[in-house]
Structures are given as structure tokens and as C-alpha cells.
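Chain residues, written in single-letter form:
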Amino acid sequence: MISDVISLIDFLRKHYLEYKVKSALFSVDGIHIEGDETIQVEKVSTLDQRVWFYKVKEVDGYEFVYMPVIPSLYIDYGQLQGQSNPDSKIFRFVGNPMAKFTSGGEPNVVANFIIVGYRPKDLLKSREI
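Scoring rules and cut-offs
Residues numbered from 1 in each chain as written. Predicted model: local features only at pLDDT ≥ 70, side-chain atom pairs only at ≥ 80, totals over all residues. Heavy atoms only, no water. Helix = DSSP H or I, 4+ residues; strand = E, 2+ residues; numbered from the N terminus. Contact = heavy atoms within 4.5 Å. Areas by Shrake-Rupley, 256 points an atom, 1.4 Å probe, with all protein chains shown as cover. Salt bridge = Lys/Arg side-chain N within 4 Å of Asp/Glu carboxyl O. Buried < 20%, exposed > 50% of the residue type's maximum accessible area, 1.4 Å probe, protein only. Pairing = 2+ DSSP bridges. Axes fitted to C-alpha atoms, helices over the stretch in contact; angles between N-to-C directions. pLDDT = per-residue confidence, 0-100.

Draft legend 1. Representation of the overall build of the protein chain within the structure. Counting its secondary structure elements, the protein chain contains 2 helices and 8 strands. Each helix and strand of the protein chain, placed in order from N terminus to C terminus, yields the pattern α-β-β-β-β-β-β-β-β-α. If you take every contact in the protein chain between residues at least 6 apart in sequence, the share linking residues at least 24 apart comes to 54%. Taken as a whole, the protein chain presents about 8,300 Å² of accessible surface, with 53% of it coming from carbon and sulfur.

So this is what it looks like as C-alpha cells:
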């Protein structure tokens, strides 16, 4: 849920100097607008021009959370060909939480988005105190 992402981002912001946090803003085309340039996004097209996905390129030791700049949108996860489960690293933004089940699948909502990268071991350190 978006509220979970906002809570995590708020926590990381409060501990920005302690933890190694990366963040960047991207356009609907997956183009870097501003922020840390080590975060890179690949736009993944589908056969339906109304539907595309994003994939954040991996950075060693980091996990990424993503959030549209319009928090009322929903995240829909993509599935790699040949896999039976959706992959949390492949995502898009939609206007309905039931996007997969609406007639023909719901198209993407056009919105810029933020990506925040953090190191999970930093979160573990916060619990050791």
C-alpha cells in the first residue's frame, strides 16, 4: 500500500545521515528527472500500447520502493514470461486495485514517480539499539 511506502520513506528521511539512502524522480517514460543517478529504470513495453511496466536496475545491496507522485494510484505487478507469480521488481501504476480483472485489463495511469533505495541491513541496525 502507498501508506506503507510513505511511512518507510519518512523513516528513511529521518535517518538520512545514518543510512545510505538513494532517491530519484522519474517521468512516465522512465526517464531520470532529478536525484541520484545510480538509480536507473527500464521501461518494459507489452503488446498492448496502453500497458507498460517499469523495472529498476539492481544496485548491489539495495532494495527499492516506488511511489507515484499522485498517491491515490495503485501499483500493479508484472510477471516475467515463464514464471507463475508476479515479480515485485516489475511494476506499473493503475487507477483501480482490480486492474488485472477489469475487462481487458486496465491501462496505465500516466504519472511521474519516485524511487527510494535503501539497504535492508540498515533497517536491521535500527532494531539492534
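Draft legend 2. Focus on the pattern of salt bridges. Taken as a whole and assessed by the stated rule, the structure comprises 5 salt bridges. Ionic pairing is found between arginine 50 and aspartate 48, a salt bridge with its closest N-O pair at 3.2 Å. When the shortest N-O distance is used, the salt bridge between arginine 92 and aspartate 76 registers 2.8 Å. Of this pair, arginine 92 sits in strand β7 (residues 87-94) while aspartate 76 is found in strand β6 (residues 74-78), placing the two residues 16 residues apart along the sequence. The class of aspartate 76 is buried, set by a relative accessible area of 7%.

Draft legend 3. Highlighting the pairing of strand β2 (residues 32-35). As paired elements, strand β1 (residues 22-26) and β2 share 3 bridges and run antiparallel to each other. Of the residues in β2, the one forming a bridge with alanine 24 is glycine 35. Linkage of β1 to β2, two consecutive antiparallel strands, is achieved through a turn of 5 residues, within which glycine 30 is found at a positive phi near 80°.

Draft legend 4. A look at the pairing of strand β8 (residues 113-118). Counting buried positions along β8 gives 5 out of 6 residues, so the element sits mostly inside the fold. Relative to β8, β1 runs antiparallel, the two being bridged by 5 bridges. Paired with leucine 25 across the bridge in β8 is isoleucine 114. One ladder, built from 6 bridges, connects strand β5 (residues 63-68) with β8; its direction is antiparallel. Looking across to β8, one finds that phenylalanine 64 is bridged to glycine 117.

Draft legend 5. Layout of the sheet that holds strand β3 (residues 41-45). Taking strand neighbours across the sheet as the criterion, the 4 strands line up as β3-β4-β7-β6 in an open arrangement whose pairing is antiparallel. What marks the edges here is a single partner per strand, and that holds for β3 and β6. Taken pair by pair, the neighbouring strands of this sheet meet at an average axis angle of 40°, ignoring direction. Bridging between β6 and β7 involves 5 bridges; their strand directions are antiparallel. Its bridge partner lying in β7, tyrosine 74 is registered against valine 94.

Draft legend 6. Here's a closer look at the confidence of the model for the protein chain. This prediction gives the protein chain a mean pLDDT of 85; 78% of its residues lie at or above 70. The least confident element of the protein chain is helix α1 (residues 2-14), whose mean pLDDT is 66; the most confident is β2, at 97.

Draft legend 7. Focus on the sheet that holds β2. Taken together, the 4 strands give an open sheet; going across it, the order is β2-β1-β8-β5, and neighbouring strands pair in antiparallel fashion. Each of the sheet's edge strands pairs with one partner strand only, and the pair in question is β2 and β5. Strand-to-strand, the axes of this sheet are offset by a mean angle of 25°, without reference to chain direction.

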